[in-house]
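Listed below are the residues making up each chain.
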Amino acid sequence: KLALAADPSGALKYNTKQLNAKPGNITITFANKSTTPHDVVVETEDGKTLGESEDVTEGTVKLVLKDVKAGTYTFYCSLPGHRQAGMEGTLTVR
């Protein structure tokens, strides 16, 4: 189980740029205390989406990824302009 949070002031960033997990099922608990909506999308190196949370504002959601293999993945916010502003990071599975 991994924890990820959006900046509580509403800035377009997560509280970390790096998450680490073991292969298998991975749960990311994503907290967003700001009034700016955010989500979390995890994709493979070739751009395939492994999972996507719902948008959340002033709350918490869980994103469950099934049977994740060892490798490097990207997580980001898919709302317009958020990823481009730097709201992304790396999930390393090993």
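In case you missed it, the structure is sitting above this.
Just so it is clear, the structure is predicted and the values come from calculations on it, not from any experiment.

Q: Mind showing me how you'd approach the packing of aromatic side chains here?
A: Within a pair of aromatic rings, the relevant descriptors are the distance that separates the centres and the angle that separates the planes. A full pass over the atoms with the stated rule returns two aromatic pairs. With a centroid separation of 5.8 Å and 80° between ring planes, the pair formed by Tyr 14 and Phe 30 is classed as edge-to-face. Of this pair, Tyr 14 sits in the loop between strand 1 (2-5) and strand 2 (18-21) while Phe 30 sits in strand 3 (residues 24-32), and the two are 16 residues apart along the sequence. Residue classification places Tyr 14 among the buried residues on the basis of a relative accessible area of 8%. Aromatic pair Tyr 14 and Phe 75: ring centres 5.4 Å apart, planes at 55°, arrangement tilted. Here Tyr 14, found in the loop between strand 1 and strand 2, pairs with Phe 75, found in strand 7 (residues 71-76); they are 61 residues apart in sequence, far enough to count as distant.

Rules used throughout
- Residues numbered from 1 in each chain as written.
- Predicted model: local features only at pLDDT ≥ 70, side-chain atom pairs only at ≥ 80, totals over all residues.
- Heavy atoms only, no water.
- Phe/Tyr/Trp six-rings, centres within 6.5 Å; stacked < 30°, edge-to-face > 60°.
- Helix = DSSP H or I, 4+ residues; strand = E, 2+ residues; numbered from the N terminus.
- Buried < 20%, exposed > 50% of the residue type's maximum accessible area, 1.4 Å probe, protein only.

Treat this as a map of the structure, not an account of what it does.
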